[in-house]
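Architecture at a glance
Here is what each chain is made of, one letter per residue.
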Amino acid sequence: MRRNLDAVWLVARREFIDQFRDWRIVVPMLLLISVFPFIADDTTRQAITFMNRFGGDLILDNLIPFVILVIGFFPLSFTLVVALESFVGEKERGTIEPLLSSPLEDKHLYLGKLFVGITTPLVFSFLSIGIYLILVSRRTVEFPSAYMLALIFMLTFAHAVLMVSSAIVISVQATTIRAANLMASFVVVPVAFLLQGETVLIFWGNEDVLWYAIAGVTLLSGLLVRLGLAHFKREYLLGREIDTLNFKNMYRVFRTRFVGGAKSVIEWYRIEIPLTLRQLKQPLAIVTILGIVCVFVSYFWVTVNVPTFIDITPERTDEFRAMVGDNIVTLDRLDEQLPAPLLFFYNARTTVVFLLMGLVSFGTLGLTLFMANFALVGGILGAADLVGFSPLLTFSVGVLPHGLFELTAVVIATAAMLKVGAQLVSPNTDKSLGESLLLSLADWLRVYIGLVVPLLAIAAVVEIYITTALIKLAFPHL
Amino acid sequence: MIECNDLSKQFNNEFWAVDGVTLNIKPGQILALLGQNGAGKTTTVRMLTALLNPTRGWARVAGYDVTKKPDTVRANVGVLTEQHGLYMRMTGQEYMDYFGKVYGLNAEFRKQRSQYLLEYFGLAEAARRRSGEYSKGMKQKLALARALIHDPSVLLLDEPTSAMDPESAQLVRNEIARLRSSKRTIIICTHNLAEAEALADSIAIIYRGKILLNGTLDELKRDVLGPVEYEAVFAEPFDAGELNLPEGVELAFRDATSLRFRVDAPLVVNPKIVNTLTARNAPLVSFQEVSRKLEQVYLKTMADAQGVTYAA
């Protein structure tokens, strides 16, 4: 442990010294902290004067926390410069090879550079916030609470880790600063959106909501650090071929994995699909358990908590049952309003959205969407219980017939998506990040085309023609 | 020592940068690895430094397997990369101290070793200056000193004098020659054939990832250019007429003032040739071996590999 920390510090220390000898980093940082807090303070003063004249309490109450967030973010934009310099800059100047030829381990190099990438901009960021807070304390405005300040400091820290870990992933995968800068826009744009989202939380939510932002950003940062560590390899830092888009090789890798050893579609279904399902055993178990838990938790939450919000009187129950009855009458024409192919398209699109969300969040957002869907089922059953329908009957006729196919398809698609995310952050000694991504996408497409699509197609037909008939049979009195 | 067998590296699942390289370099030997740009020299060195994993084959460097003990291999190898790789904002002293720490040397030994190497390479006076201010030769010498900070038993030098002016290149070459010792194994990758000829005990020529030739300079000359040639030069035009040459001698070339012989066993037949010529009252000025350079060996080997005719 001590040896590892010493090695990480050795890498970091040199970088710190080098940075503070580089005027291109020091001067803009100093300018940023010596000028921007004063500009921000003056702007705050003018905004407060304006709002005191014309109203706008909501903005007035949260203006200073918002400005703190922005002031903290500006020096953080330098994290990209520092992080990109640390790997691709060294690669371009040829200074990385002597370091890579040394006995330092990959994790020492990675963590040392990550530490520097986070610390320098963060110190300037906190200094900037500190100066601004001193200026604010001299004005007759409400000073943010210690709790709010702690939240903003944590959020700023999480931003720094997120940006640096993303930039290092990019830096390792590029051979020139130019290429890395091009790719860095993939970090700046989402983080800018994230900041806007957090601004919305500050103005319209309460302080506690910021915890969700902190948790989300920290989780994503942690996964990015893991991704960086998993795919940090000396071989790729020295490789020249990683900037080259080799479609032929990409197609070959993808096709070989997708087709496997099968010589016909039947063989593919007989050998390859069961093989992929066996490989998905663990994520399938996780997703299935999570799905079941979500249904039950949501069901119990609704049955326990909703009556505390809404007074469920017999009149209300009758109204609700009448509304359900009206809807059941229209089920006869459901195939006109929502034809089976269109329903299939919606469901297939949803599972693709799970994948896309999973790809940008290493599985977490895709899994969240999946859990939300299953929680919705539990919630509906809970609501049915509250208004006097049997939840078991509702589930048996309203969900189970098509759910047998649809829920199975969604579980399989989510498990495959989860595996894509997990593979990205798993160490792989003989495959590049691109190759790992291609292989896991081929696995995903295998189960998507082989199982999910046919199951969703059957589910759509069953839902439109059989589920509706069963509902009418089960609830004839409505 | 360095041993490798069938060492191969494939990139992108299609291009073999190194294909079946087998080498055995003993302690105290210097091997020059020659080849065109992109022939596979740097990739070979990077595999021997455990920077790249071989796709096929194995290598043992300083007694350790490069795939099983990469960190130990790197700890025992000194590498001079094609680009010197200096941190320009560090002084020479700081740079040496930093790499001393990287190689886990204790403070006292690190200080002694840095001072010794900086003095050895004539950099002691410039040690407190930032390396960005150094001349090209000084930078390369500092990089060489860095490669030696942990006194490695194996030294891998990739293009040690590339893009250097002749004086600086000569300085670095002299330093490499001084590094030869009974316990150290050295590989030099170079385009500079004179450098290879001057420094190396054995020479390997690599072409498209494959070793075409490997041996001592004399072995390579004999294998590629054939038996040694000797030339007799006359003071004035001399008509040798029909020469009764001893067995094992072949007349390779003649004109009015010189004769050239291809000889298998010079110790035995050269005195006989001289006797034959003097018996014919030839105005002999000199009789000496025709100088054959590594360049001829290299160019002929490359021409053969590419299927073109070698114009001597």
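Residues numbered from 1 in each chain as written. Chains lettered and ligands numbered in written order. Predicted model: local features only at pLDDT ≥ 70, side-chain atom pairs only at ≥ 80, totals over all residues.

**Quick notes on the overall build of chain A**
Tallying secondary structure elements over chain A gives 19 helices and 0 strands in all. Referenced to the eigenvectors of the C-alpha coordinate spread, the extents of chain A come out at roughly 80 × 70 × 40 Å. Pairs at least 24 residues apart make up 87% of the contacts formed inside chain A by residues separated by at least 6 positions. (Helix = DSSP H or I, 4+ residues; strand = E, 2+ residues; numbered from the N terminus. Contact = placed C-beta atoms within 7 Å.)

**Observations regarding the environment of Thr276 of chain A**
All names here are of chain A. Its location among the elements puts Thr276 in helix α12 (residues 265-279). Linking Thr276 and Ile64, residues 212 residues apart in sequence, is a C-alpha distance of 53 Å. If we skip the residues at most four places from it in the chain, Thr276 touches Asp443, Arg446 and Val447.

**A word on the domain arrangement of chain A**
Residue and element names in this part refer to chain A. The domains assigned to chain A are domain 1 (2-243) and domain 2 (247-474). With centres defined by C-alpha atoms, the gap from domain 1 to domain 2 works out at 37 Å. Taken together, the 10 residues of domain 1 in the interface contact 10 residues of domain 2. For the side of domain 1 that touches domain 2, the element with the highest residue contribution is helix α9 (residues 210-231), accounting for 7 residues. (Domains from an automatic or database assignment.)

**Focus on the interface of chain A and chain B**
Across the contact, 21 residues belong to chain A and 24 residues belong to chain B. Within the residue set of the side of chain A that touches chain B, elements represented by two or more residues are α1 (2-20), α5 (96-100) and α10 (234-238) of chain A. Broken down by class, the residue content of the side of chain A that touches chain B amounts to 6 nonpolar, 6 polar and 9 charged. (Nonpolar A, V, L, I, M, F, W, Y, C, P; charged D, E, K, R; others polar.)

**Comments concerning the sheet that holds strand β6 (residues 77-80) of chain B**
Residues and elements named next belong to chain B. Read across the open sheet, the 6 strands follow the order β6-β7-β8-β3-β9-β10; overall the sheet is mixed. Edge strands, defined here as strands with exactly one partner in the open sheet, are β6 and β10 (210-215). Across the sheet, the axes of successive neighbouring strands diverge by a mean angle of 15°, strand direction being ignored. Bridge count between strand β3 (residues 30-34) and strand β8 (residues 185-190): 5 bridges; the pairing is parallel. Within the sheet, the bridge partner assigned to Ala32 lies in β8 and is Ile188. Relative to β6, helix α5 (residues 136-147) is tilted by about 165°, and along the sheet it contacts β6 and β7 (154-158). (Pairing = 2+ DSSP bridges. Axes fitted to C-alpha atoms, helices over the stretch in contact; angles between N-to-C directions.)

**A word on helix α4 (residues 107-120) of chain B**
Between its first and last C-alpha atoms α4 of chain B spans 20 Å; for 14 residues at 1.5 Å apiece the expected length is 20 Å, and the two agree. Gly122 of chain B occupies a position one or two residues after α4 of chain B and carries a positive phi of about 70°. (Expected span 1.5 Å × (residues − 1).)

**Things to note about the pairing of strand β11 (residues 228-234) of chain B**
All names here are of chain B. Sheet analysis places β11 next to strand β13 (residues 258-263), joined by 6 bridges and oriented antiparallel. Residue pairing for β13: Glu229 is matched across the bridge by Arg262. Relative to strand β14 (residues 284-289), β11 is paired through 5 bridges, and the arrangement is antiparallel. Paired with Tyr230 across the strands is Glu289, a residue of β14.

**Re unusual backbone geometry**
Residues and elements named next belong to chain B. Unusually for a residue other than glycine, Asp151 sits at a positive phi of about 50°. With respect to the element layout, Asp151 can be found in the loop between α5 and β7. Look at Glu159: it is not a glycine, yet its phi comes out positive at around 50°. What makes Glu159 buried here is the crowd of 20 C-beta atoms within 10 Å. (Buried ≥ 20, exposed ≤ 12 C-beta atoms within 10 Å, placed from the backbone.)

**With respect to the packing of helix α4 (residues 78-93) of chain A against helix α6 (residues 106-137) of chain A**
Residue and element names in this part refer to chain A. Between α4 and α6, whose axes approach to 9 Å, the crossing angle comes to 155°. One element, α4, and the other, α6, form an angle in the roughly antiparallel class. In terms of crossing hand, the pair formed by α4 and α6 is right-handed. Contacts between α4 and α6 involve Phe78, Thr79, Val82, Ala83, Ser86 and Phe87 on the former and, on the latter, Lys113, Val116, Gly117, Ile118, Thr120 and Pro121. Split into classes, the residues belonging to the contact of α4 with α6 amount to 7 nonpolar, 4 polar and 1 charged. (Parallel < 35°, antiparallel > 145°, perpendicular 65-115°, else oblique. Left-handed = near helix turned anticlockwise from the far one by under 90°.)

**Some thoughts on the domain arrangement of chain B**
Taken as a whole, chain B is organised into domain 1 (2-215) and domain 2 (226-289). The gap between the C-alpha centroids of domain 1 of chain B and domain 2 of chain B is 45 Å.

**Overview of the sheet that holds strand β2 (residues 15-25) of chain B**
Residues and elements named next belong to chain B. Across the sheet, 4 strands lie side by side as β2-β1-β4-β5; this open sheet has antiparallel pairing. Two strands bound the open sheet, and with one partner strand each, they are β2 and β5 (64-65). Relative to β2, strand β1 (residues 2-11) is paired through 7 bridges, and the arrangement is antiparallel. The residue of β2 that forms the bridge with Cys4 is Leu23. Lying over the sheet, helix α1 (residues 41-48) contacts β1, β2 and β4 (56-61), oriented at roughly 120° with respect to β1.

**Thoughts on the nonpolar core**
Among the nonpolar cores identified, the biggest contains 187 residues, and Ala167 and Ala416 of chain A together with Val61, Ala145, Ile187 and Ile188 of chain B are the most heavily contacted of them. Among the elements that line this core, the one with the most residues is helix α7 (residues 146-172) of chain A, at 15 residues. In contact with Ile188 of chain B, other than residues within four places in its own chain, are Ile30, Ala32, Leu33, Leu157, Pro160, Ala196, Leu199 and Ala200 of chain B. In terms of nonpolar packing, the next biggest core, distinct from the first, is built from 7 residues, Tyr230, Leu259, Phe261 and Ile273 of chain B among them. (Core = buried A, V, L, I, M, F, W, Y, C linked by C-beta atoms within 7 Å.)

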